[in-house]
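Secondary and tertiary structure notes
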Amino acid sequence: MTGSTLDSAKTSLNYHHSDEVQATAHAEHHDFRVLGIIVFLVAEGMIFLGLFMAYLTFRSVSPTWPPEGTPKLELLLPGINTVILISSSFVIHNADTAIKKNDTKGLRLWFGVTAAMGAIFLAGQLYEYFHLEFGLTTNLFASTFYVLTGFHGLHVLFGLMLILGVLWRSLKPNHYSSTAHFGVEAAEVYWHFVDVVWVILFLMLYIL
Amino acid sequence: MTQAAQYQEKANLLAHGSEPENNWRQYFGFSTDHKVIGIQYLVTTFIFYLVGGVLATLVRTELATPESDFVSREVYNSLFTVHATVMIFLWIVPAATGGFGNYLVPLMIGARDMAFPRLNAIAFWIIPPAGILLMSSFLVGAPGSGWTSYPPLSLISGKAGEMIWILSVLMLGTSSILAAVNFIVTIVKMRIPGMGFNQMPLFCWAMLATSFLALVATPVLAGALILLSFDLIVGTNFFNPTGGGDPVVYQHMFWFYSHPAVYIMILPVFGMISEIVSVHSRKPIFGYKAIAYSSIAICGLGLIVWAHHMFTSGTPPWLRMFFMITSMIIAVPTGIKVFSWLATIWGGKLRLESPLLFAMGFISLFVIGGISGVMVASVPWDIHVHDTYFIVAHLHYVLFGGSVFGLYAAFYHWFPKITGKMLNDTWGKLHFALSYVGFNLAFMPMHKLGIEGMNRRIAEYDPKFAALNLLCTIGAYLLAVSTLPFLVNVCWSWAYGKPASDNPWGALTLEWMTTSPPPVENFEADPVLATGPYDYGMGSRATQVNVPFSDPHSPGLSAGPSSTLRAKADPVVAAMPSDRQGESNNR
Amino acid sequence: MNIPSQIVTLLAGIILTLVSLWYGQNHHLLPIAASEVAPLVDSLFDTMMVIGTGIFLLVNGILIYSVIKFRRDPNDDTDGPPVHGNIPLEIVWTAIPAVIVLGLSIYSFDVYQAEGGQDPMDHSVAHHGKNHTQMAKMSGAAVAAPLIADSQGVDATPLMSEDLPPKQEAPALGTVSPKVGDSTKPTEFVVNAAGMQYAWLFTYPDTEVVAGELHVPINRNVLINISANDVIHAFWVPEFRLKQDAVPGRQTEVRFVANRLGEYPLICAELCGAYHGAMKTKIVVESQADFDTWLQTQIASAEVGLDRAIATTPATLTEVEYLAPYAKEIGVTAGVLQQLQPAAAKSVHAPSIS
């Protein structure tokens, strides 16, 4: 166990490790929280995956799809919505870049813009719901349409809340900094997830 | 005390904390201490186990005679539905993952708590309301369409009960997902330095695989239940054929979770058995890597076998063949584990006390469930025995003979650590004998019943099956009675039992390197790995040292992992994985 | 006497093999085999029993031997030998089970093939050709059905097109109308079975006879077209080793050749509600002559229009009537028949899907 020469590389590495563990073993450690969010999003993704597979199966076992008498879906509004949501992912990334430079104003600006875009998306979604000619129980297509978009809409709403929450907190001076901005990262990761799900959803429901 | 254990303990003397103050109120509140949460899980789930046991006893009482004469048919259906739901979602899953997982994982990896303590507490506190909700369904007409809840039957039998069932299972699923997130992050990120993945105790490997399964599979069940509840409440037609829906889609989504659920229930127990067998045989675990990686293999394969529950339902032939082959292949990693445990026992110095007895009981019963499992994986045979008592027998051999015997072994093994008191071994042996005999009496005859033509989930049956059914019922009563010695033993020992030392079994894993019960943050100083988790019999090869193993003030001067005193580590016991030789070396 | 350990091991191995082989053939667990495929399934099970018994004895033998041989001396505080593993041994116990399960897979596949489970290439052709004959046979039933229904004053709209929209096959995504049995052989005899809570209703398409129990002639290729009207049921004849779910909205098939005279239970094997346990009837395998006689009787009684044998719904019986379902031949009064009629009419129409 005792030796003659010192292995400085190893010891410094060890010190580093043990410091990290010492620090992180006590309650708050934001590194893990972002990882936790990502792991949790795997689970969220699996719910959507399950629902998508159910949709595809319903589609392929039904003799006609969408069932006869289903009015064709309007593409314009959801198309615009899609563009808005996809762009918002790039917008929110600017906020992340801003806070990494300690630019709280930039963070507020870009989060504000993202929140506005999210709100427009939700409003567009609601507008579409009210102007569709079929209801939740009209037929199998209608049901899957409402449940899939509705479940996604709930996620958008939750993401919007997160963003607004971060905005609110960013009003406090020095709440977020280039080194401590878990909330910002969490909201961003979640928003990207919601975005990716929408792209698949859009392709499946409107295009396919 | 053996040399390896002495060596490991000596290295960790500083890790010992002061006795925790005993404040019983914290066990009823929102505590974020993983040990408190672990005990909360264990006690809560055991209470639900007793409830599920009462339901099972009622079911067997009805089946003592061929006629439907004890309860009404509707109530009978509710009894077995709630029995299965309770046993799966409120006992085995939360007890094995939430209970022992929470208590042991941080201790075993040398962490002070889980990665997200508050999330952990939330995950636990979802369980009691969900369980009480499920029980309350008996007031409005409990769900009676089986724990599988296949539509369209589940859509046309009692709506209120069915909705309560869905809500309750959704809540329990959420709890399970949150716990899984916590375990994955904890195990991946919070191991003490020097503990690579291949120095982790096997229970941690098992928990990692289990958590991954829970994380990936549970959401799909949630998806299915969301759709089912829309059908139930709003009147959509996802699974209702009258409106163009397809019930087979529900079956796919349900089993995509519910088959992996079997592995969620058995993998942690595999992990516990690996620990217990090695400690009580006083031998290193045979084939550490094989056991560890076979957990991962089971986890991966477990996700692609679900349709073997649907061989008689609407699955195309290619799918039946594919799922038959994957289901059979799962027997290989499972076999590796069983043979490795046998090889661990072989030539050991067996301490034949309750933990090892239950662990050996586990192996002997689980192997029967495994054999009948391979049989039912075979499509032609499954077409004959699907939905019969053969399946009932098979699943109980896996989940009771397997999971529950394993959980009992774990209770006997870790009770001294959790409470600081020893359990009485004589009562433990009585408990073992009664359970083993009662279990086999209750479930062995069911194989024959099923093959001969008794289908499951029936309140009345052909009188030609009466004799064997009576035998099953007697066995079930014996099994019910067998719980009493355990309850008495636990209650009495917790209050008046012989105090346990820190490491009564002479084990090497880190949970034994602190006080029994451990202090609030588990270890005063970070524990160190002086030996691997299973290096029994290797103490004699260790070099004696005259420096302290760890010293929180000047770690560089200690012999632990941060040591600056050495250039080349002893290959036998080195803390850094890269310096180690032999079985546990992977880097 | 001191016997070398290799010899003891060898002897133990031989004894274990012999016991397994013997028990695998003599377990007396299986019911009578009454269909052509049953012996195939049985020998598959026997094989699995041989292997299973061997593994069971091996594992439990090692456990018991260890308990006796390796129990710790109470005064001995030392550890056992530090054996960490043995790679060749581990390879052996990975490879042998792998070979066993692959062998079992191939064997099972073979039996499944013989049962007629899988003919992916053949399927479409054989199936379509067969479907035409089936359609032709059924058209009689379809024409006759309104007559039956009308005579009872019930609207005779076909069920499948109205209440239960039929599903397409989606083999790639894993939901199809399940079939079991050899569809390559020409079908010689067709019966339509409709499952409902809580009875089976069998329609003989050629003669429009509706019965609550299934009569089939011996040694003929029988096709049962199964449909369900309310929830999922399953058609199971333990003596035939065949089971098939009846899924609402899909028409499923069972094909078999019964080769042993006798009466066998026909059981619903999928939970279908409170009276699931009572949803059973019998299948009677009889000679062609006996079958014809029975059919004539049925036709005659149908013409009389009264005491037609039909399955009963236990829910409509009182508790007392219900308690002896096994002793009692399922017979029905006109009143019960009346209640059952919608279902009966539906079942007659069900097969017109192709």
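What counts, and where the lines are drawn
- Here, residues in each chain are numbered from 1, in the same order as that chain's written sequence.
- Just so you know, chain letters begin at A and ligand numbers begin at 1, following the order they were written in.
- Predicted model: local features are reported for residues with pLDDT of at least 70 only, side-chain atom pairs are reported and counted for 80 or more only, and whole-chain, interface and lining totals are derived from all residues.
- Secondary structure elements are taken from DSSP: a helix is a run of H or I of four residues or more, a strand is a run of E of two residues or more, and numbering for both begins at the N terminus.
- Exposed residues have 12 or fewer other C-beta atoms within 10 Å of their own C-beta, buried residues have 20 or more, and partly exposed residues fall in between, where C-beta atoms are placed from the backbone.
- The contact criterion used is a C-beta to C-beta distance within 7 Å, with each C-beta placed from the backbone.
- The reference for a compact globule is 2.2 Å times residues^0.38; the radius of gyration itself is calculated from the C-alpha atoms.
- By the convention used here, strands pair only if DSSP detects at least 2 bridges between them.
- For helices, the fitted line uses only the C-alpha atoms of the stretch in contact; every axis is such a line through C-alpha atoms, and the angle between N-to-C directions lies from 0 to 180 degrees.
- Take the number of residues in a helix, subtract one, and multiply by 1.5 Å to get its expected span.
- Under the scheme applied, nonpolar residues are Ala, Val, Leu, Ile, Met, Phe, Trp, Tyr, Cys and Pro; charged residues are Asp, Glu, Lys and Arg; polar residues are all the others, including Gly.
- All the domain ranges listed were derived from an automatic or database domain assignment.

This part covers the overall build of chain C. When you go through chain C residue by residue, the secondary structure sums to eight helices and eleven strands. By residue count, 43% of the 354 residues in chain C fall in the buried class. Of the contacts formed within chain C by residues at least 6 apart in sequence, a portion of 76% connects residues at least 24 apart.

Another point: the overall build of chain B. Within chain B, the secondary structure is distributed over 16 helices and zero strands. For chain B, the C-alpha radius of gyration of 24 Å lies close to 25 Å, the compact-globule estimate for 587 residues. The C-alpha extent of chain B, read off along each of the three principal axes, is 80 × 50 × 45 Å. Restricting the contact set of chain B to residue pairs at least 6 apart, pairs at least 24 apart contribute 82%.

Time to look at the sheet that holds strand E7 (residues 233-237) of chain C. All names here are of chain C. Read across the sheet, five strands follow the order E5-E11-E10-E7-E8 without closing on themselves; strand pairing throughout is mixed. Here the strands that pair on one side only, and so sit at the sheet edges, are strand E5 (214-217) and strand E8 (242-246). On average, each strand axis in the sheet is tilted by 25° relative to the strand beside it, whichever way the strands run. The sheet contact formed by strand E10 (residues 262-268) and strand E11 (residues 280-286) spans six bridges and is antiparallel. Counted as the bridge partner of Gly262 is Val285 from E11.

Here we take up helix H9 (residues 288-302) of chain B. With 15 residues, H9 of chain B extends 21 Å from end C-alpha to end C-alpha; this agrees with the ideal 21 Å at 1.5 Å per step. Considered for burial, the residues of H9 of chain B that qualify are Tyr288, Ala290, Ile291, Ala292, Ser294, Ser295, Ile298, Cys299, Leu301 and Gly302 of chain B.

Turning to the interface of chain B and chain C, a few remarks are in order. Taken residue by residue, the interface counts 95 residues in chain B and 85 residues in chain C. Tallied by class, residues from the side of chain B that touches chain C come to 52 nonpolar, 27 polar and 16 charged.

With that out of the way, let us pick up the domain arrangement of chain B. By the assigned domains, chain B splits into domain 1 (3-14 + 34-496) and domain 2 (555-587). For domain 1 of chain B and domain 2 of chain B, the distance between their C-alpha centroids amounts to 39 Å.

Facing the five residues of chain C at the interface are six residues of chain A. A breakdown of the residues in the side of chain C that touches chain A according to their chemical character gives two nonpolar, two polar and one charged.

Residues and elements named next belong to chain B. Counted at 1.5 Å a residue, the expected span for helix H16 (residues 466-496) with its 31 residues is 45 Å, and the 46 Å between its end C-alpha atoms agrees. Among the residues of H16, those classed as buried are Asn469, Cys472, Thr473, Gly475, Ala476, Leu479, Ser482, Pro485, Phe486, Asn489, Val490 and Ser493. Contacts made by the buried residues of H16 are with helix H2 (34-62) and helix H15 (425-452).

Glancing now at the environment of Val284 of chain C. All names here are of chain C. By the element assignment, Val284 lies in strand E11. Taking the C-alpha atoms as reference points, Val284 and Glu213, 71 residues apart in sequence, are found 7.7 Å from one another. Setting aside residues up to four positions removed in sequence, Val284 forms contacts with Glu213, Leu214, His215 and Glu263.

With that out of the way, let us pick up the domain arrangement of chain C. Residues and elements named next belong to chain C. According to the domain assignment, chain C contains domain 1 (5-114) and domain 2 (126-352). Domain 1 puts nine residues into the contact, and the matching count from domain 2 is 13 residues. When its residues are assigned to classes, the side of domain 1 that touches domain 2 shows seven nonpolar, one polar and one charged.

All names here are of chain C. Summarising burial for strand E6 (residues 221-228): seven of the eight residues are buried, a large majority. Strand direction decides the pairing type here: strand E2 (residues 189-196) and E6, joined by seven bridges, are parallel. Looking across to E6, one finds that Ala194 is bridged to Ser227. Relative to strand E9 (residues 252-257), E6 is paired through six bridges, and the arrangement is antiparallel. Looking across to E9, one finds that Asn225 is bridged to Glu253.

Here the focus is the pairing of E7 of chain C. Residues and elements named next belong to chain C. Counting buried residues along E7, five of its five residues qualify, which places the element largely inside the surrounding structure. On E7, burial covers both faces: His233, Phe235 and Val237 on one face and Ala234 and Trp236 on the other are all buried. Examined bridge by bridge, E7 and E10 share two bridges and lie antiparallel to one another. Bridging from a neighbouring strand, Trp236 pairs with Ile267 of E10.

With that settled, the discussion passes to the sheet that holds strand E1 (residues 179-180) of chain C. Residue and element names in this part refer to chain C. Across the sheet, six strands lie side by side as E1-E9-E6-E2-E3-E4; this open sheet has mixed pairing. Looking at the sheet topology across the chains shown, the edges are occupied by E1 and strand E4 (209-211). Sheet analysis places E1 next to E9, joined by two bridges and oriented parallel. Directly across from Lys179, in E9, lies its bridge partner Glu253.

This paragraph deals with the environment of Val189 of chain A. All names here are of chain A. Tracing the backbone through its elements, the reader meets Val189 in helix H6 (residues 182-207). Residue class for Val189 comes out partly exposed when judged on the 19 C-beta atoms lying within 10 Å of it. In this structure the C-alpha to C-alpha distance between Val189 and Val34, which are 155 residues apart in sequence, comes to 8.5 Å. When residues no more than four places from it in sequence are discounted, the contact partners of Val189 are Val34, Ile37, Ile38 and Leu41.

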